[in-house]
Amino acid sequence: LVKTLESHPRSTSYGTEQEFFSAHSRWSDSVRTLRRELQLLNKTEGQGDWREGLEDLVGILEGKQDIISKVCSEGEGATGWREAIAVWGIWVRPDFKRQDLPDTLALINDTLPIDGSYADEAAQAALVSQQLKRFLHNSARQNPWLGAHIADLMENMDMTVYDTPIMDDDEEYEDETNVPADALTLRDILIMDYAEQILHADPGSWQIEFDYLAACGDVGKARLGAVLSRLAVDVEDDNAVDRSKEISVLLDTRDDRMDEEVIEEEKSLARLTGMQRVQKLVEVCKDYALWEEMETLCRVVARLLIQRRRYGDAIAYSIYAKDFKTVSRISDLLLEEYIVRGRDEFIELVNTVPDVSDVLLDSPTFHLGGMSSLAMTSFRNRLAFLERYAAFHKDFRDGKKKDAASGLMNMLNSDLVPKWWWGVILIDAAGLCNEDEMWFEESDAYDLLRHVEEIYIRADQGCAPDYL
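Counting restarts for each chain: residues are numbered from 1 in the order of the written sequence. At least 70 in pLDDT is required for a residue's local features to be given in this predicted model, at least 80 for side-chain atom pairs to be given and counted, and no such filter applies to totals for whole chains, interfaces and linings, which use all residues. Water and hydrogen atoms were dropped before computing side-chain values, which therefore reflect all heavy atoms in the structure.

Trainee: Honestly, the overall build of the chain in this entry has me stumped. Any pointers?
Mentor: Of the regular secondary structure elements, the chain holds 24 helices and 0 strands. The classification of residues rests on relative accessible area computed with a 1.4 Å probe and restricted to protein chains. Under 20% of the type maximum is buried, over 50% is exposed, and intermediate values are partly exposed. For the chain, buried positions account for 41% of its 468 residues. Computed with a 1.4 Å probe, the accessible areas rest on the Shrake-Rupley method; for each residue, only the protein chains presented here act as cover. Of the roughly 26300 Å² of accessible surface on the chain, 49% is carried by carbon and sulfur atoms. Segments assigned H or I by DSSP are reported as helices when at least four residues long, segments assigned E as strands when at least two residues long, and all are numbered from the N terminus.

Next up, the structure:
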């Protein structure tokens with residue numbers, strides 16, 4: 001028996017198939033000789049497990065399918081059909097080829113069935129049967145990371161599967177982007193499904209999900225935009241929590257294998273504070289040309305900043321969103337801050353307003369156009385008025401009365417002052433007129449009186465709300 005096993009020919013040892021088959025035929029003759037010798041043994045010799053085991057060994061060498069099926073299904077460590085398919089080409093069919101796998105598996109399954117309740121077994125059976133869709137689906141059922149990355153590898157090897165996945169009777173795939181199913185490859189479906197699971201498992205891993213979705217073409221980009229619109233944003237830096245330790249524990253328990261670079265990236269994302277997170281989202285939108293989503297995000301952020309009286313940042317994000325009405329509204333809110341909270345608070349708030357030119361150059365969407373010259377001129381003028389009005393109050397507070405008077409008249413004569421704010425400006429001018437020294441030129445005094453006269457005349461005509 002040992003001699004027969006040692007002399008078993010290997011196809012890699014021969015230059016041609018014919019040489020191997022000839023050697024295998026001669027070896028088969030030695031197996032038949034071994035069988036005859038076994039039969040010549042006295043029936044009383046080798047009784048029990050020893051004789052039965054020897055019979056099975058010789059049966060395997062003879063390529064008897066029933067013996068192989070029995071050995072592969074019984075005993076400790078038996079793996080059923082998988083073990084049988086692995087040895088089929090060694091003992092049963094020495095001419096076994098790859099294309100013979102599906103039919104051979106069907107033959108083996110008559111006695112060694114597949115247990116489809118185990119995803120790994122179902123996936124392996126589908127791969128042997130060359131059922132690629134079923135193989136990918138069951139791989140994803142076993143491990144979503146595995147299914148997604150195998151599908152990606154297959155597509156890179158020009159083994160693209162364009163059909164929708166094969167699902168079990170109690171499963172259903174829904175495409176939330178309203179893209180026809182026939183436009184999706186199975187690779188895209190599995191990668192997007194895995195990306196969604198990343199976010200559900202850990203909301204702090206949204207950028208990792210974005211990278212996967214971005215790899216799925218236009219369909220993935222549409223899904224990325226939908227996910228982005230559902231992400232919660234916060235502008236509070238003080239309330240941010242360092243979740244890096246929590247993320248570390250989560251990564252340690254994941255089924256998929258991640259390299260150290262990816263792990264560190266997720267930890268850094270977990271440490272992002274409110275506005276840092278917002279900036280990262282804006283960068284993601286810019287990287288993937290999600291301009292509409294970026295404008296929506298910036299509008300939401302601007303609204304949150306307004307609620308927290310962070311008017312300077314709110315103006316910047318409103319400009320990013322091309323929302324010039326909100327810029328004008330913020331200008332009005334800043335003037336209301338002056339009325340409610342006083343001069344010093346107003347000056348401090350206006351000092352936070354960024355330079356408009358810098359904001360426009362920094363705006364990710366500025367190069368796309370869509371900003372009318374009229375709208376830009378309007379909000380530029382509103383912000384220029386705030387800057388000059390704050391400078392006037394600063395000069396007045398610091399005792400630079402002459403500069404304050406000159407600045408006030410320059411504002412009125414440049415038409416930057418909204419008419420409904422004229423009354424407040426004239427009251428500010430009155431504060432300079434109560435001084436022992438006259439800070440206005442004679443022509444300035446006439447200009448002030450002209451504005452007072454216009455207010456009275458327009459008020460008598462029923463237009464008081466426009467001026468007061």
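Trainee: How should I be thinking about the packing of aromatic side chains in this particular structure?
Mentor: Two measures describe an aromatic ring pair: the distance that separates the ring centres and the angle between the ring planes. Ring pairs are drawn from Phe, Tyr and Trp, using the six-membered ring of Trp, whenever the two centres fall within 6.5 Å, and their geometry is named by plane angle: stacked under 30 degrees, edge-to-face over 60, tilted for the rest. In total, this model carries 14 aromatic pairs according to the counting rule given. On the numbers, 5.5 Å between centres and 20 degrees between planes, the contact of phenylalanine 385 with tyrosine 389 is stacked. You can see phenylalanine 385 and its partner tyrosine 389 sitting in helix H21 (residues 373-397), 4 residues apart, about one turn around the helix. An identical accessibility class is assigned to phenylalanine 385 and tyrosine 389; each is buried. What links up through ring pairs into an aromatic cluster is the set Tyr338, Phe346, Phe385, Tyr389, Phe392, Phe396, Trp420 and Trp421.

Trainee: Teacher, can you tell me more about a negative patch on the surface here?
Mentor: Candidate patch residues must exceed 30% relative accessible area and have no salt bridge, after which like charges are joined if within 9 Å and Val, Leu, Ile, Met, Phe, Trp or Tyr side chains if within 5 Å. What makes a salt bridge here is a side-chain nitrogen of Lys or Arg within 4 Å of a carboxyl oxygen of Asp or Glu, nothing more. Think of it this way: Lys and Arg go in the positive column, Asp and Glu in the negative one, and His and the chain ends go nowhere. Each charge is placed at NZ for Lys, CZ for Arg, CG for Asp and CD for Glu. On the surface, Asp355, Asp358, Asp362 and Glu387 cluster together to form a negatively charged patch. Within the secondary structure, aspartate 358 is located in helix H20 (residues 356-362).

Trainee: For this particular structure, what's the right way to read the pattern of salt bridges?
Mentor: Side-chain pairs of opposite charge can arise where the charged atoms are in close proximity. Summed over the entire model, instances satisfying the criterion amount to 25 salt bridges. The shortest N-O distance in the salt bridge between aspartate 56 and lysine 70 comes to 3.0 Å. In this pair, aspartate 56 is assigned in helix H3 (residues 49-61) and lysine 70 in helix H4 (residues 65-73), connecting sequence segments 14 residues apart. On the accessibility criterion, lysine 70 (26% relative accessible area) is partly exposed. For arginine 223, the salt bridge is made with glutamate 196, and the minimal N-O distance between the two is 3.7 Å.

Trainee: Honestly, a nonpolar patch on the surface in this entry has me stumped. Any pointers?
Mentor: Taken together, the side chains of Leu1, Leu5 and Leu57 present a nonpolar region at the surface, about 240 Å² in accessible area. If you trace the backbone, leucine 5 turns up in helix H1 (residues 2-6).

Trainee: Would you take a moment to explain the nonpolar core for this structure?
Mentor: Put simply, a nonpolar core is a bunch of buried Ala, Val, Leu, Ile, Met, Phe, Trp, Tyr and Cys residues held in one set by side-chain atoms that sit within 4.5 Å of each other. Grouped together as the largest cluster of nonpolar side chains are 96 residues, with contacts concentrated most on Tyr317, Tyr389 and Leu408. Among the elements that take part in this core, helix H10 (residues 186-201) stands out by supplying 9 residues, more than any other. Formed by 23 residues, the second largest nonpolar core is a distinct cluster that contains Cys72, Ala84, Leu105 and Val128.

Trainee: Mind showing me how you'd approach helix H8 (residues 132-142) here?
Mentor: Three or four residues apart is the spacing at which side chains of an α-helix point the same way, because the helix has 3.6 residues per turn. Where H8 is concerned, the buried positions are Phe135, Leu136, His137, Asn138, Ser139 and Ala140. Buried positions along H8 lie against helix H7 (119-128), helix H9 (144-156) and H10. Contacts between residues were defined by any pair of non-hydrogen atoms, one from each residue, lying within 4.5 Å.

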